[in-house]
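# Notes for the structure review
So the chains spell out like this:
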Amino acid sequence: MFLELTRRRNPDLIRAAVRLHRERVIPANTYVIDLDTVIANARAIAEAAERTGIQNYFMSKHFNRNPLVSWAIVRAGLPGAVAVDVQCAKYLWRFGVPVKHVGHLVQIPHSEVPHVLEMEPEVWTIYSVDKARELSEAAERMGRVQPILLRVRAPQDIIYPNEEGGIWESDLEDAVKQISRMKGVRIAGTVTFPGTLVSEAAKGGTATVNFQTAVRAAGQLRRWGFEVTQINTPGATSSAMLPVIREHGGTHGEPGHGVMGTTPWHLLEDLPERPAMVYVNEVSHTFEDKAYCFGGGFYACDTPANRGDDTPFRLSRRWEPHAYVGQSPEDIFDRRLPVDVGSFFGRTLNATDYYGGTMLMERPDQVKSGDTVIFGFRAQVFTTRSHVAVVRGVSGTPRLVGLFDRANNLLDEKGYPVPDSVSAVRELVKRELGVIRQGLCR
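Bear in mind that the values here come from a model prediction, so they are computed numbers and not experimental data.

Before going further, it helps to spend a moment on the side chain of Asn 409. In this fold, Asn 409 is placed in the loop between strand 21 (399-404) and helix 13 (421-433). Excluding residues that lie within four positions of it along the chain, Asn 409 makes contacts with Arg 94, Leu 403, Phe 404, Pro 417 and Ser 421.

The structure is reproduced here in structure tokens:
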């Protein structure tokens, strides 16, 4: 999906990924992140935030909550993260990354509420009166009052599969009456997803019906006497999307793919952000007319199982997956092979993804075992069992800054976690990004 965009706007990243794989610096099944480009992208969003007045919590699940990348984004001007689930919150907090928003898209489990309260998030999304009560009781015991966002839903809203939940707009008044009597929480506003999406017809970003629901609900809260400080409306957030959020009455965005330069808007127009991540694999073997890559890292969101009712926002161009395959940075763009779309979706088809990204060969001599393969699809690395390699200097002599496993352990040259990985990451962050606040790795 993003491979040709990456070749056009950041070809050195592809060449660097090939070089490091051929030199056995990084293994197969590795997402390679260009840290310099991430920093530039985050700065572009931070500058747009200053111009528009829209605040941002960055989303880190797309790059597996990597601590080095997360701290680079903070240093570039985005003050903290949204944790999509409790595991996300813990991974970030383990390395001292400021956790600003929790509970959205996944509610916090009962036993974890006290631990997450210790992170002192700015806002906490709740889907129900019961979850508000649970949070309030825990906050009271700790002597705190936690600001909360209400996820309000209307029947016409877009709701993706496995993301169902929230307070129906018709039930809002009753829910607010109950929540307002709770001493450990304070209603601060509303939240929805997706609040903004990319529309090919509009040639860019536009507000969804969900956005309208969140604004209506916030208006009701104000009429009932609440001080609304946040209307959080994330969705394909980038520097270009922030004016859209402002125009429609939102206050906050949550850039994730925007920081990586891989939102759908980036396919329609050259925005300030450039692609900053590719996926590196290698050919395991060939069999009949197919070449198989190692599995574990493939993800693609454009499937029937993952679609909500957002068809008007889908780009008309059909996704035709392909990959570059080669044995050196100099020849990597010479072979572009189609990929069996079904091989991205092993888990969706109830199969273990031992192999994936299966390339379709016209001739048996096109591909050899061990060849490097580069993919550029829309990633959700936290759903995989992949490595993450953070690199710098891709336009000159590329340098591996750190190789991480799926648990964000820093790995040695053989792929084993280094002793006291948390401290090692702390030192790595300080060395690469300069002095950071006290409390890192608390």
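A separate point is helix 5 (residues 86-94). Given 3.6 residues per helical turn, the α-helix brings residues three or four places apart onto the same face. Among all positions of helix 5, only Val 86, Cys 88, Ala 89, Leu 92 and Trp 93 are buried. Relative to the axis of helix 5, the buried residues are bounded by an arc of 155° and lie together on one face. The inward-facing, buried residues of helix 5 contact helix 4 (67-76), strand 4 (81-82), strand 5 (99-102) and helix 6 (113-117). Positive backbone phi, approximately 75°, marks Gly 96, located one or two places after helix 5.

With that out of the way, let us pick up the pattern of salt bridges. Summed over the entire model, instances satisfying the criterion amount to 18 salt bridges. A salt bridge links Arg 8 to Asp 270; its shortest N-O distance comes to 2.8 Å. With Arg 8 in helix 1 (residues 3-9) and Asp 270 in the loop between helix 12 (264-268) and strand 14 (277-287), this pair connects stretches of sequence that are 262 residues apart. On the accessibility criterion, Arg 8 (52% relative accessible area) is exposed. The exposure class assigned to Asp 270 is partly exposed, which follows from its relative accessible area of 44%. One salt bridge connects Arg 399 with Glu 432, and the closest N-O pair in it is separated by 2.9 Å. Of this pair, Arg 399 sits in strand 21 while Glu 432 sits in helix 13, placing them 33 residues apart in sequence. By relative accessible area, which is 39% here, Arg 399 ends up partly exposed. Salt bridges sharing partners connect three or more residues here, namely Asp 36, Arg 392, Arg 399 and Glu 432.

Before going further, it helps to spend a moment on empty space enclosed by the protein. Counted under the stated rule, the structure contains three cavities of 30 Å³ or more. In this structure, the largest cavity occupies an estimated 90 Å³ of space. Surrounding the largest cavity, Tyr 31, His 257, Met 260, Thr 262, Met 277, Val 278, Tyr 279, Phe 375, Gly 376, Phe 377, Arg 378 and Ala 379 form its lining. Among the elements of the structure, helix 11 (257-260) and strand 14 are those that each provide at least two residues to the lining of the largest cavity.

So, about unusual backbone geometry. Geometrically, the link from His 104 to Leu 105 is a cis peptide bond, its omega value of 25° lying close to zero. Assignment of secondary structure puts Leu 105 in the loop between strand 5 and helix 6. The omega torsion of the bond from Phe 193 to Pro 194 falls at -10°, within 30 degrees of zero and hence cis. One can find Pro 194 in the loop between strand 9 (185-191) and strand 10 (196-199). Not every positive phi belongs to a glycine, and Asn 408 is a case in point at roughly 65°. Position of Asn 408 among the secondary structure elements: in the loop between strand 21 and helix 13. For Asn 408, a relative accessible area of 0% gives the class buried.

Calculation rules
Residues numbered from 1 in each chain as written. Predicted model: local features only at pLDDT ≥ 70, side-chain atom pairs only at ≥ 80, totals over all residues. Heavy atoms only, no water. Helix = DSSP H or I, 4+ residues; strand = E, 2+ residues; numbered from the N terminus. Contact = heavy atoms within 4.5 Å. Buried < 20%, exposed > 50% of the residue type's maximum accessible area, 1.4 Å probe, protein only. Arc of directions from axis to C-beta. Salt bridge = Lys/Arg side-chain N within 4 Å of Asp/Glu carboxyl O. 1 Å grid on protein atoms, 1.4 Å probe; cavity = no way out; pocket = protein on both sides within 12 Å on 5 of 7 lines; lining within 4 Å. Points joined across faces, edges and corners; volume = space filled by probe spheres on them.

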